[in-house]
Amino acid sequence: MSSLEKSWKLWTFLCWFSLAVIAVFMIYLNFPQNTNPRIERTEEEQARYNQKRLSAYESQLDPIENGIHLKSGMKYDENFRLVQKSCTSCHSSKLITQNRATRDGWQQMIRWMQRTQGLPELGIHEPKILDYLSTYYAPTQTGRRALLDTSKIEWYVLEL
Ligand code: HEC
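Attention here is on the structure that accompanies the text. (Residues numbered from 1 in each chain as written. Predicted model: local features only at pLDDT ≥ 70, side-chain atom pairs only at ≥ 80, totals over all residues. Heavy atoms only, no water.)

### Some remarks on the overall build of the protein chain
The condition is simple: Helical segments are the DSSP runs of H or I of at least four residues, strand segments are the runs of E of at least two, and each set is numbered from the N terminus. For a compact globule the rule gives 2.2 Å times the number of residues to the power 0.38, and the radius of gyration it is set against comes from C-alpha atoms. Accessible area is worked out with a 1.4 Å probe on protein chains only. A residue is then buried under 20% of its type maximum, exposed over 50%, and partly exposed in between. Note on contacts: a residue pair is in contact if any heavy atoms of the two residues lie within 4.5 Å. Here the open area of atoms and residues is found with the Shrake-Rupley method and a 1.4 Å probe, where only the protein chains shown may cover a residue. For the charge count, each Lys or Arg is scored as positive and each Asp or Glu as negative, with His and the chain ends excluded. Every charge is mapped onto a representative atom, which is NZ of Lys, CZ of Arg, CG of Asp or CD of Glu.
When its secondary structure is counted, the protein chain shows six helices and three strands. Going from the N terminus to the C terminus, the protein chain shows its helices and strands as α-α-β-β-β-α-α-α-α. In terms of overall dimensions, the protein chain is more spread out than a globule: its C-alpha atoms have a radius of gyration of 35 Å, far above the 15 Å expected for 160 residues. A total of 160 residues make up the protein chain; the buried ones form 18% of that total. Look at the contacts in the protein chain between residues 6 or more apart in sequence, and 46% of them connect residues 24 or more apart. Working note: accessible area of the protein chain is about 13,800 Å², and carbon and sulfur atoms make up 60% of it. Both charge centroids of the protein chain, one from 20 positive and one from 17 negative side chains, sit 4 Å from each other.

### Points about the pattern of salt bridges
As a reminder of what qualifies: A pair is scored as a salt bridge if a Lys or Arg side-chain nitrogen falls within 4 Å of a carboxyl oxygen belonging to Asp or Glu.
Summed over all chains, the structure comprises five salt bridges. Here arginine 103 ties to aspartate 131 by a salt bridge, and the two come within 2.6 Å at their closest N and O atoms. With a gap of 28 residues between them, arginine 103 in helix 5 (residues 103–116) and aspartate 131 in helix 6 (residues 126–136) connect regions that are remote in the sequence. Taking the shortest distance from any N to any O, the salt bridge between glutamate 126 and arginine 111 comes out at 2.8 Å. One end of the pair, glutamate 126, is in helix 6; the other, arginine 111, is in helix 5, and 15 residues separate them in sequence. On the basis of relative accessible area, glutamate 126 is assigned to the buried category, the value being 8%. For arginine 111, a relative accessible area of 33% puts it in the partly exposed group.

### Things to note about helix 3 (residues 80–87)
Given 3.6 residues to a turn, an α-helix orients residues that are three or four positions apart in the same direction. Selection rule: Each direction from the helix axis to a C-beta atom contributes to the arc, which is the arc of those directions.
For helix 3, the full list of buried residues reads Phe80, Leu82, Val83, Ser86 and Cys87. The buried residues of helix 3 occupy one face: seen down the axis, they fall within an arc of 160 degrees. For helix 3, the secondary structure elements touched by its buried residues are strand 2 (68–69), strand 3 (74–75), helix 4 (94–97) and helix 6.

### Description of the site of the ligand
Put simply, the rule reads: Proximity is defined per residue: any heavy atom of the residue falling within 4 Å of a molecule or strand makes that residue near it. Two N or O atoms count as a polar contact when they lie within 3.5 Å, although within protein this holds only if one can serve as hydrogen donor and the other as acceptor, and sequence-adjacent residues are included solely when both atoms are side-chain atoms. Classification convention: Asp, Glu, Lys, Arg as charged; Ala, Val, Leu, Ile, Met, Phe, Trp, Tyr, Cys, Pro as nonpolar; all other residues, Gly among them, as polar.
Among the 18 residues in the neighbourhood of the ligand, the closest are listed as Cys87, Cys90, His91, Met113 and Gln117. One of the side-chain N or O atoms of histidine 91 is found 2.7 Å from a nitrogen atom in the ligand. Within the residue set of the shell around the ligand, elements represented by two or more residues are helix 3, helix 4 and helix 5. Sort the elements by how many residues they give to the shell around the ligand and helix 5 lands first, with five residues. In terms of residue class, the shell around the ligand is built from twelve nonpolar, six polar and no charged.

### Details of the coordination of the iron atom of the ligand
Quick note on the threshold: The donor definition counts N, O and S atoms within 2.8 Å of each metal and applies 3.2 Å to Na, K and Ca; water is not among these atoms, so some sites may look incomplete. Under this scheme a four-donor centre is tetrahedral when all angles range from 85 to 135 degrees, a four-donor centre is square planar and a six-donor centre octahedral when opposite donors are above 155 degrees with the rest from 65 to 115, and any other centre is irregular.
Within the first shell, the iron atom of the ligand binds the protein through His91 (NE2) and Met113 (SD), at distances of 1.9 to 2.0 Å. Viewed at the metal, the six donor atoms of the iron atom of the ligand are separated by angles of 85 to 179 degrees, and the geometry they form is octahedral. Placement of histidine 91 in the loop between helix 3 and helix 4 and of methionine 113 in helix 5 is noted, with a sequence separation of 22 residues between them. Judged by relative accessible area, histidine 91 falls into the partly exposed class, the value being 25%.

### Side note on the nonpolar core
Short version of the rule: Buried residues of nine kinds, namely Ala, Val, Leu, Ile, Met, Phe, Trp, Tyr and Cys, make up a nonpolar core once their side-chain atoms join them within 4.5 Å.
Ile129 and Leu133 are the most contacted members of the largest nonpolar core, which has 16 residues in total. Secondary-structure elements contributing two or more residues to this core are helix 3, helix 5 and helix 6.

As C-alpha cells, this is what we get:
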C-alpha cells in the first residue's frame, strides 16, 4: 500500500468515525424528550393539560356556541349535562325548548311524566334541574305584543 493510499484510508476512517460520534451524541441529546414529554410536568400540571385536551376534543364532537349546545339547541351551563341526561332519553330536547313554565309548572310536568310516562324519581338532582328549567325556559312576561312605538314609525304617503 502506498503511503498516499494509507493516509487516504486513515482520512476516510476519521471522517466516518467523527460522523458516528456526532450521530450518537445527537441521539443521546434527544433521548429524554423522546421517551416521554410528560415527565417534566407535575401531577397538577398534567391534570390541567389533560382537561384542556379533553375539552378541546369534546368541543369538536359536541360544539357549544354562544352559550347554546348546538345538538340539542338548549342553553349550556353547569347544570346542562344533568338535564341532558335526565330529560332527553325519551324525547327530543325540542319538547323542552318549546315549552315555557314557572318552576312550579316545570315540577308539575315532571310529576306528570313520573305518574304516567315512567320518568324515575330525580332525587337530589331535581332542584338543579328545576333551577335550570325555570331559569332558561321561564314564561315570557308579556301576554301580548308590546305596543307599537309610533314615534319610530316612518310614515309615507301612498301615491295612487
Ligand atoms: C321516561 C321517559 C321520559 C323522560 C326521562 C322525560 N320525559 Fe318528558 N315526556 C315523556 C313523554 C312520553 C311525554 C309525552 C310526549 C308526547 O306527548 O309526545 C313527555 C312530554 C314532555 C313535555 C311536554 C309536556 C306537555 O305538556 O306538552 C315536556 C316539556 C317534557 N316532557 C319535559 C321533560 C323534562 C324537563 C324532563 C327531564 C326532567 C323529561 N321530560 C324527561 C317522557 C319522558
